[in-house]
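Working through the structure, step by step
In case you want the letters, here they are:
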Amino acid sequence: MTFAQFTFDRFGEWVAALATLAVLSLLWKENPVYRVAEHLLLGLAVGFAFAVSWFQFLQPKWWDPWMASIADREWGGILAGASALALGLCWYGLYFKRTEWLMRLVLGVVIGASAGQAIRNNFTQQMPIVTSSFKSPIVIESGSIAWSASLNNTIFLLALITVLLYFFFSFEQTNPVIRVGSRIGRFWLMVGFGAFFGNTVMTRLAVLIERVWFVSQDFMKGFSQ
Amino acid sequence: MGKWLAGLADLDVRWLYAALLASIVLTAYIRVHVTIELSPESEGFYTALEQQDGTKPVLLHSDWDQGTIGELSAQFRAIVRHLFEKDLRFVVISGIPQGAEFYEPVIQELADEYGKEYGRDWIAVGYKLADPKDIAIEALSRDFPELVQTDARGKRPTEFPWLRDVRVADDWGLVISVAYTEYRGYITYFYEAAGTPYVCGVTAIISTTLYPFITAGNIKGMLVGSRGGGEYEQKMGQYGFGSRMLLGESAGHLLLLIGVILANVGEAARRRRRGREESAE
């Protein structure tokens with residue numbers, strides 16, 4: 001390796017490649033290099049998030065308007081800024097037994113707002129899904145039966161009903177129709193979980209591929225130049 | 001043979017890791033052209049964008065970063081290319097602090113390629129959607145200029161002529177999010193409340209839960225992981241990172257399948273061997 005291959009321009013690439021190899025070293029076994037990389041990543045992420053939150057969020061939306069209000073002696077703005085600070089500080093009441101109730105105040109507001117939104121979301125997001133599942137097993141298109149759409153809907157309805165049967169816990173499943181239906185429902189659930197797992201593998205693999213290609217191609221390219 | 005097969009079940013998993021890494025490295029150097037067509041969910045995404053006539057701007061929510069670059073960067077690149085090709089003006093917004101570090105270079109590179117100009121064809125407002133996302137999206141749907149205050153260069157959105165009248169959810173032509181997961185707030189506050197269509201680019205791991213939304217029609221289209229990126233990229237006439245990822249994914253999946261088969265063969269051989277040993281005793 002020559003000094004030219006380790007110039008300041010490529011410093012970022014070197015750090016990225018070494019950090020990637022350090023993280024991947026866990027595949028061999030648990031080791032201090034991996035630990036260092038893990039802590040470095042978490043520390044950098046928290047530090048970066050704090051700096052960006054301040055400069056892009058808190059400073060322009062709270063600190064600057066508050067300071068401007070103080071300079072102009074505009075009491076509405078001063079009070080609004082102070083209230084936001086007081087409410088924000090309430091979260092830290094969690095760390096002391098005597099001030100824990102302060103945190104509950106703001107937590108109550110957040111939970112209340114979220115619960116209100118969840119009720120609305122259930123109607124706007126889930127109801128269209130429920131209504132779209134009411135499908136006819138016989139689909140008529142231009143006066144005749146559309147066989148492929150009908151078969152599709154029939155399979156869908158069978159899956160829907162049998163999966164619902166599987167989650168019927170109100171009484172013991174002694175009836176043979178319910179019992180067999182419930183078993184078929186379990187089969188459909190396994191198909192669903194299989195799709196979940198396949199997609200999970202796909203996502204994890206994509207992360208690995210990007211990193212491996214970075215080290216084996218992009219980073220190594222620098223040595224051939 | 002039986003002993004060898006039974007030993008497969010006890011194979012050190014590090015050999016599999018090594019094989020996986022080797023297969024991925026290999027695909028980086030293999031030049032095989034993988035052709036892929038748009039899937040129905042990607043077609044929905046493409047159509048939603050094609051249906052835009054440019055009278056209203058597009059809201060592009062970009063939340064991909066290093067952790068999702070493998071799956072989402074190709075999607076994002078293809079979407080921006082489509083927006084530029086159709087002369088659709090857009091606003092990029094982010095819900096993660098590091099969002100701008102990733103979307104800016106991609107947009108700038110494509111803007112140079114298409115001769116587009118910041119302020120005239122697009123603006124970026126940076127990290128303006130903090131958690132909880134639903135509450136931030138609700139605020140965005142009520143008053144866009146009030147929520148964002150300024151763009152990434154310190155100008156108010158109302159200073160751009162094409163954004164002067166953009167305020168509520170109805171003033172947008174389309175909402176696109178490219179993120180690890182979808183943001184259902186857009187369904188509630190943009191699609192259901194104002195009829196503004198919503199499409200999303202997500203990681204594969206999340207996509208399984210979203211198909212009911214596609215069927216119901218409250219998400220108009222979806223790009224799924226690296227497959228979605230590859231599909232959209234090829235639809236836009238490109239063959240880049242998204243398409244090459246398909247080869248890497250295929251190699252990885254093939255190896256995993258072989259691993260699963262070998263492990264099962266090994267386990268079956270071990271059971272048979274154990275049964276024989278027990279009957280001999």
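Please read these numbers as outputs of a predicted model, since none were measured by experiment.

Examining the overall build of chain B
What chain B contains, in helices and strands, is 12 helices and six strands. Taken over the C-alpha trace, chain B has a radius of gyration of 23 Å; the compact-globule value for 281 residues is 19 Å, which it surpasses by more than 25%. Considering only C-alpha atoms, chain B reaches an extent of 85 × 35 × 30 Å along its principal axes. Split into buried and exposed, the 281 residues of chain B put 53% on the buried side. In chain B, the proportion of contacts linking residues at least 24 apart, taken out of those at least 6 apart, comes to 70%. Across chain B, the mean location of the 29 positive side-chain charges is 4 Å away from that of the 38 negative side-chain charges.

Remarks on the interface of chain B and chain A
Many authors give the size of an interface as the accessible area that is lost as the parts come together. Between chain B and chain A, the residue contacts involve 58 residues of the former and 41 residues of the latter. One can count zero salt bridges joining chain B with chain A. In this assembly, chain B and chain A are joined by 18 residue pairs in polar contact (both at pLDDT 80 or more). Per-element accounting of the side of chain B that touches chain A gives the leading share, nine residues, to helix α2 (residues 13-29) of chain B. Of the residues in the side of chain B that touches chain A, the class split is 26 nonpolar, 19 polar and 13 charged.

Topic: the domain arrangement of chain B
Per the domain assignment, the segments making up chain B are domain 1 (12-32 + 253-280) and domain 2 (40-238). Spacing between the C-alpha centres of domain 1 of chain B and domain 2 of chain B amounts to 41 Å.

Observations regarding the packing of helix α6 (residues 176-224) of chain A against α2 of chain B
Helix packing for two helices is described by the angle between their axes and how far apart those axes are. For the pair α6 of chain A and α2 of chain B, the least separation of the axes is 9 Å and the interaxial angle reads 65°. In the packing of α6 of chain A onto α2 of chain B, the handedness of the crossing is right-handed. Taken together, the residues of α2 of chain B that come into contact with α6 of chain A (itself represented by Leu205, Leu208, Ile209, Val212, Trp213, Ser216 and Gln217 of chain A) are Leu20, Leu21, Ile24, Val25, Thr27, Ala28 and Tyr29 of chain B.

Some details on the environment of glycine 112 of chain A
Residues and elements named next belong to chain A. Relative to the helices and strands, glycine 112 is located in helix α4 (residues 100-132). For glycine 112, a relative accessible area of 42% corresponds to the partly exposed category. Between the C-alpha atom of glycine 112 and that of threonine 174, which follows or precedes it by 62 residues, the distance is 43 Å.

Regarding the pattern of salt bridges
Scanning the entire structure with this criterion turns up 20 salt bridges over all chains. The partner of arginine 35 of chain A in a salt bridge is glutamate 30 of chain A, and the shortest N-O contact between them spans 2.9 Å. You can call arginine 35 of chain A partly exposed: its relative accessible area is 37%. For the salt bridge of glutamate 182 of chain B with arginine 184 of chain B, the shortest nitrogen-to-oxygen distance reads 2.5 Å. On the basis of relative accessible area, glutamate 182 of chain B is assigned to the buried category, the value being 7%. Via salt bridges that share partners, Glu30, Arg35 and Glu38 of chain A belong to a single interconnected network.

Quick notes on the sheet that holds strand β6 (residues 221-224) of chain B
Residues and elements named next belong to chain B. The six strands lie next to each other as β3-β2-β1-β4-β5-β6, forming an open sheet whose pairing is parallel. With partners counted over all chains shown, the strands left at the sheet margins are β3 (122-127) and β6, one partner each. Taken over all neighbouring pairs, the strand axes of this sheet differ in orientation by 15° on average, direction set aside. Two elements, strand β2 (residues 90-94) and β3, share five bridges in a ladder whose sense is parallel.

Rules of the game
Residues numbered from 1 in each chain as written. Chains lettered and ligands numbered in written order. Predicted model: local features only at pLDDT ≥ 70, side-chain atom pairs only at ≥ 80, totals over all residues. Heavy atoms only, no water. Helix = DSSP H or I, 4+ residues; strand = E, 2+ residues; numbered from the N terminus. Rg over C-alpha atoms; globule rule 2.2 N^0.38 Å. Buried < 20%, exposed > 50% of the residue type's maximum accessible area, 1.4 Å probe, protein only. Contact = heavy atoms within 4.5 Å. Lys, Arg positive; Asp, Glu negative; His and termini not counted. Charge placed at Lys NZ, Arg CZ, Asp CG, Glu CD. Salt bridge = Lys/Arg side-chain N within 4 Å of Asp/Glu carboxyl O. Polar contact = N/O pair within 3.5 Å; in protein donor to acceptor, adjacent residues only side chain to side chain. Nonpolar A, V, L, I, M, F, W, Y, C, P; charged D, E, K, R; others polar. Domains from an automatic or database assignment. Axes fitted to C-alpha atoms, helices over the stretch in contact; angles between N-to-C directions. Left-handed = near helix turned anticlockwise from the far one by under 90°. Pairing = 2+ DSSP bridges.

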